Structure formats: structure tokens, C-alpha cells
Amino acid sequence: EEGGEAAPLPPQCPPHLDAVPKRDMVALYCDTLLRGCKAEEAGDAMSKYLLEKLKMKENWLGIWKANPDLFFVNSEDLVVPSVGILVEVTWKPPQSSSSQIKASVSVVEPFASNIANMPRELVDNILEELDHCVPLLEIYPVEGQDNTVFEIAQALDIVRFFYDFIWRDWDADESCETYAALVEERIKLWCDIQNGSIPAPLGHRFKKHLEKYKILRLELIQYQSNIEEEPTEEEVVECWKKYYELVMLCGLLKIWEDLRLRAHGPLTPRILRRRKGYRDDRKTVTHTVAKTMTAEMIKNFSLDAALQHHENLNAALESCYSGDTVMIFPGEYKAVNLSMLTEDIIIKVLSFIDFFFLILLTLVVSKAQDIKLMHLTLVQQGTVDGIVVVESGHMTIANCVLKCEGTGVCVLTGASLTVTDSEITGAQGAGVELYPGSTALLEGNKIHHCNNTRASETSPRSLGGINIKVVPLPKLKMKNNHIFSNRGHGVTILQPTEIPASAEGVGELTASGDAEETLSKLMQDLRLEKNTNTLDDIKDIAVVHS
């Protein structure tokens, strides 16, 4: 009705991906939609997926969220990010292939918008100029329609997320084994921002830079398209200026993606290598490592096993894809690639071999989803950081001996660790250090002679066997461990003096002021089964305020 107020918009279908676990998101994009795709093929793959969903229904209602610049001369004063109009979508298969799928729309009666005084005539004029065709990704189906429309809404969310957060125009130039590996890293980064593993200010800054990059890229394309015939000197200078600003932002975004913005202080992530993932045919390989290989050494392998032999461990790790096994024969090995573990592999020595050492001139760092170290003796030399750092994903350490020179095993925010039937000794800090929000299962281990510094045994910094930082609370389960001969406490729970109100399950611990009650509550939350563990240090478990 001309001159009257627009009706309010109905609710749209709820966002689909907000409730999807990270593992399922990785499976959806990497193993289904983009499996085997190169970067330049990703757009076509997403379009094909969306078109299949759109075939299911020709007409449905949606909210067209349009750029305010279409309607207003000065849209900067608007408090809403988009102009919402209730429309009916009429979709028919496109006659020609295009990277941007468009849909035919018409305004629904009664006229509804998120801007009460939006002139209906203006909307009609704008749609007339656009030939009543708008980008499909700008339309959000409304609630209350049938299941088919709900599926279309989910498909639009999935494709919209790909272009909003995953896709980069420089991807085709990246040297990456598979595009899916690149996609996986960006999904993990997004999940880390959403779940708070990356602090909110840093996550906001990353999103802001990403949005700025997209805006500048569109501005450059628009500026270049407006240049007629031969550009003037001023136009050439302006083009180069915009281009270099774009390149700088591109470089910054790449660095942020690789470093993962982990919130763990001085332990800056070191892995810049991208994950290769599984081979396209899903086949796995056993990599044997020995100075000299004999027929006797491989007689226990099955006849159909795919074997690759390497004279050094670095070469074996370089050749690994997810699912592979690295089998190491007697000797001393030094491997820089242990600090860049990204694939889901097993590294082990045959259990009947007694003489085996890995000499670590660098630390073992992993961001693989699921990696296993078995029957190894790791000897740390010349490094002061943790002998093993789990940056992300999950690591299993089974039947291993870790002889530390610097700090012990560090599990960073969001990562998880399982250690069974192993020995950790000699760390200058805690034998195991759990960062906020991490997860660990320790069973049947010996942790001893750690934190051998000159600090007094009564010093609050004498952390001893296990150090736990509890905001937010890590998940730790301990069973049948022997923690002894550490300078300091057996288990130290490091609790900040001032605890944020948002720290679930920790704020109430300080209210009572009762140390025993506090310790009991923390042990319950951490699943510390004290009775099944043997702690022989000066004070078995202590709460320390940082």
C-alpha cells in the first residue's frame, strides 16, 4: 500500500551450520561436496549441488536481503546491514552457465520489510531495473513452509558459508596437494573462532580483514571496468595502489590462517604445512625406515601390504598421507619433520625391538586429527620447548618413553591427548601441561623427576608432575598413574586469582573459601580419580593461584 508502513518480516529458517560439529562440517565439504576438486572447480561443484536442491520446488517464500546502496544514497547511517523484503521466488533452471545463480522474484502482498517506512514504489522500481532477478544467495527462505523448502534453506546456508568464509580468489594459485586440505584448515579456523578457542577480539579482527579484502577486491574490479580505452597516469597509479593494498591484505590473511591465532601465550604454533589428507583412492602405505633393509626385516609384513622404504625418518614423514604407518627399525634417528605433523598416521617401532631412540633436535608438534606414537623412546636435545606439543586434533602416545630436556608434553586449547603405559621424565617444567579447554586421558603412566629447577619446593611455581590451567576447565581423566620424585606438587591446578564470570563451573569454587571443598570440586569436575593414582610428591594435589 503506497505511503503506508510496511508489515514486519516473518522469521526466516534458522541457520543450519551453527549446530553442525566440526567433524561433520569437514566431512560435508571435504569428503562430499568438494571431494577430488581443484580450486578452480569448486565453484562449479557448489553450483551443481545447489541446483540439484532447487529442482525440488519451483515456488517458495523468502526474505531478499539486499545491499542498502541499491535503495539509499547514503546507507552508512542505517543501523541494519541489509534491506529485507518479503518476496516470492520463482526458480527455473538457468539457460546458460554462470558463477552466480539468480532467481526471479516478485513482492509478496501484504508488502513486508525490516524498514517500516520503505516506499513500495521504490522497491518496485529497483526490481524493474534488475529485471526482477536477484542473486539467489541473497534470499533466505522463511519458516513455516514444507520440508522441501527447509532443505533448500540448508543448501543455501551451506553454499553461502562456502563463499563467505572458505572461498578465496587466490586459491587456484596455491601449491596444495588437494583443495580439500585447504578447505579443512579454514573450517577449523572458523570453528575455533566460534567456540572461543581463538579470543573474540582476534576472531573479530580476522573477520574484519576478510570482509575488507572482499570489499577492496570489488572496488578494484569496478574501478578497472570504468576505465575507458587507454588509462591515464592517475588511473594507472590508483590501480596499482588498490592492487598493492589488496596484496598486503591477502598476505596477512594467509599468515593468520596458517598460524591459527591460538591463544596460548609464548607457544606460537609452528606448523605452516597444509594437511594433505587421504589419497584419492583411499589406499594406505607402510613406510619402513632403516639404514639397510633386508628380506628378514620385512618377513612379518603381509604379502599385499604396500611398502615404501626410506633410509631416514624425514623422508618417510614427508611421503605420508593420512592413514599411513611409519615402521622404524633399530637405530638413532633425527627428524625435523617431527615438528610438522599434519597427517593422521601411526609412528611406531616393532614391539620386540629393544634398541631404539629418536634423538629430538626439534620438538614433536602435531595438528593431525588423529595421530599415534607407539613403542618409541624420544630423547630431547637442544630445545627448551615441550618435547611434544599437541596444537590441535588428537594424539595418542602408547608404550613410549619421553626423556625431556625442556618442558614436557603440552596440550593446547581445543586439542586432546591420550597417554597410556608410558614414562615422562626430566622435564624442566611440568611433565604434562594442559591448557584451558584441552582434553587428556592419562592411564598407567610414570611421571617423575620433572620440574628440576632451583625454585624452592614450597614455591607456588613448583608445578611438578602435571600442571592444569582451569579457565575454561580442561577435561582430564587419570587412572593408575604413578607420579613421584618431582620437585613440587604431583598435580598442580593453576587457578587465576580473578576468574571471569563466564568461566563455567569455576566461579563458584572461590565463593566458599574452603580449600578442601574447592579441591574436591575441582577434582570432581576434572575427573581426577585420586584413589587409583599414586602421588608421592611433597603435596599430591595443590590449587595454586596465578
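About the thresholds
Residues numbered from 1 in each chain as written. Predicted model: local features only at pLDDT ≥ 70, side-chain atom pairs only at ≥ 80, totals over all residues. Heavy atoms only, no water. UniProt positions renumbered as here; feature names shortened; annotations may be inferred. Helix = DSSP H or I, 4+ residues; strand = E, 2+ residues; numbered from the N terminus. Buried < 20%, exposed > 50% of the residue type's maximum accessible area, 1.4 Å probe, protein only. Contact = heavy atoms within 4.5 Å. Areas by Shrake-Rupley, 256 points an atom, 1.4 Å probe, with all protein chains shown as cover. Pairing = 2+ DSSP bridges. Axes fitted to C-alpha atoms, helices over the stretch in contact; angles between N-to-C directions. Expected span 1.5 Å × (residues − 1). Arc of directions from axis to C-beta. Parallel < 35°, antiparallel > 145°, perpendicular 65-115°, else oblique. Left-handed = near helix turned anticlockwise from the far one by under 90°. Nonpolar A, V, L, I, M, F, W, Y, C, P; charged D, E, K, R; others polar. Core = buried A, V, L, I, M, F, W, Y, C linked by side-chain atoms within 4.5 Å. Domains from an automatic or database assignment. Patch = residues over 30% accessible without salt bridge, like charges linked within 9 Å, V, L, I, M, F, W, Y side chains within 5 Å. Salt bridge = Lys/Arg side-chain N within 4 Å of Asp/Glu carboxyl O. Phe/Tyr/Trp six-rings, centres within 6.5 Å; stacked < 30°, edge-to-face > 60°.

- Looking up the protein in an unreviewed UniProt entry gives the name Testicular spindle-associated protein SHCBP1L, with the organism given as Tinamus guttatus.
- Looking at the protein in UniProt, the text filed under Subunit (unreviewed entry) is "Interacts with HSPA2; this interaction may promote the recruitment of HSPA2 to the spindle."
- Under the heading Subcellular location (unreviewed entry), UniProt records this for the protein: "Cytoplasm, Cytoskeleton, Spindle".

**A word on the overall build of the protein**
Stage number 1. For the protein, the count of helices and strands is nine helices and 29 strands.
Stage number 2. Taking all 546 residues of the protein together, the buried fraction comes to 47%.
Stage number 3. Of all intrachain contacts in the protein linking residues separated by at least 6 positions in sequence, the fraction that spans at least 24 positions is 64%.
Stage number 4. Element-wise, carbon and sulfur atoms account for 51% of the exposed surface of the protein, whose accessible area totals about 27100 Å².

**Here's the deal with the sheet that holds strand 3 (residues 102-107)**
Stage number 1. Taking strand neighbours across the sheet as the criterion, the five strands line up as 4-3-2-1-5 in an open arrangement whose pairing is antiparallel. The open sheet is flanked by strand 4 (133-135) and strand 5 (139-141), the only strands paired with a single partner. Mean inter-strand twist for the sheet, computed between neighbouring axes without regard to direction, equals 50°.
Stage number 2. Note: strand 1 (residues 59-66) against strand 2 (residues 83-90), eight bridges, orientation antiparallel. By the bridge assignment, glycine 62 is partnered in strand 2 with valine 87.
Stage number 3. Those strands touched by helix 4 (residues 147-166) are strand 1 and strand 5, and its axis lies near 140° from that of strand 5.

**Quick notes on helix 1 (residues 22-33)**
Stage number 1. With 12 residues, helix 1 ought to run about 16 Å at 1.5 Å a step, and its terminal C-alpha atoms sit 15 Å apart, in line with that.
Stage number 2. Among all positions of helix 1, only Met25, Val26, Tyr29, Cys30 and Leu33 are buried. Down the axis, helix 1 shows its buried residues gathered within 135° of arc, on one side only. Those residues of helix 1 that are exposed and angled more than 90 degrees off the buried face are Arg23 and Thr32.
Stage number 3. Those residues of helix 1 hidden inside the fold are in contact with helix 2 (42-54), helix 4 and helix 5 (179-194).

**Here's the deal with the packing of helix 1 against helix 5**
Stage number 1. For the pair helix 1 and helix 5, interaxial distance at closest approach is 10 Å and the crossing angle is 150°. The angle between helix 1 and helix 5 places the two elements in the roughly antiparallel class. As helix 1 runs across helix 5, the sense of the crossing is right-handed. In this structure, helix 1 contributes Lys22, Met25, Val26, Tyr29 and Cys30 to the contact, and helix 5 contributes Ala180, Val183, Glu184, Ile187, Lys188, Trp190, Cys191 and Asp192.
Stage number 2. Classifying every residue of the contact of helix 1 with helix 5 gives nine nonpolar, no polar and four charged.

**Some words on the nonpolar core**
Stage number 1. Ranked by internal contacts, the top residues of the largest apolar core, which has 69 residues, are Tyr29, Leu34, Trp60, Trp64, Leu136, Ile139 and Tyr179.
Stage number 2. Take this core: its biggest share by element is 10 residues, from helix 4.
Stage number 3. Domain assignment of the residues forming this core places at least three in each of domain 1 (7-186) and domain 2 (199-258).
Stage number 4. When neighbours within four sequence positions are excluded, tyrosine 29 is seen to be in contact with Leu17, Leu34, Arg35, Met46, Ile158, Phe161, Phe162, Ile166, Val183 and Ile187.
Stage number 5. Counting 51 residues, the second-largest nonpolar core is a separate cluster that includes Phe301, Ala335, Val349 and Met478.

**Section: the sheet that holds strand 10 (residues 346-349)**
Stage number 1. An order of 7-6-8-10-13-16-19-22-25 is seen for the nine strands of this open sheet, with the pairing classed as parallel. If you trace the sheet from one side to the other, it starts and ends with strand 7 (307-310) and strand 25 (475-479), each paired once. Put simply, the sheet's adjacent strands are angled 15° from each other on average, direction ignored.
Stage number 2. Where strand 22 (residues 439-443) and strand 25 come together, five bridges link them in parallel fashion.

**As for a nonpolar patch on the surface**
Stage number 1. A grouping of Val236, Trp240, Tyr243, Tyr244 and Val247 is seen on the molecular surface, where their side chains present a nonpolar patch of about 490 Å² in accessible area.
Stage number 2. Position of tryptophan 240 among the secondary structure elements: in helix 7 (residues 233-259).

**Considerations on the packing of aromatic side chains**
Stage number 1. Scanning all chains against the criterion turns up 10 aromatic pairs.
Stage number 2. Geometrically, the ring pair formed by phenylalanine 165 and phenylalanine 206 is tilted, given 5.9 Å between the ring centres and 55° between the ring planes. Separated by 41 residues along the polypeptide, phenylalanine 165 in helix 4 and phenylalanine 206 in helix 6 (residues 200-225) bring together distant segments of the chain. Both residues of the pair, phenylalanine 165 and phenylalanine 206, belong to the buried class.
Stage number 3. A centroid spacing of 5.7 Å and a plane angle of 85° characterise the contact between tryptophan 240 and tyrosine 243, whose relative ring orientation is edge-to-face.

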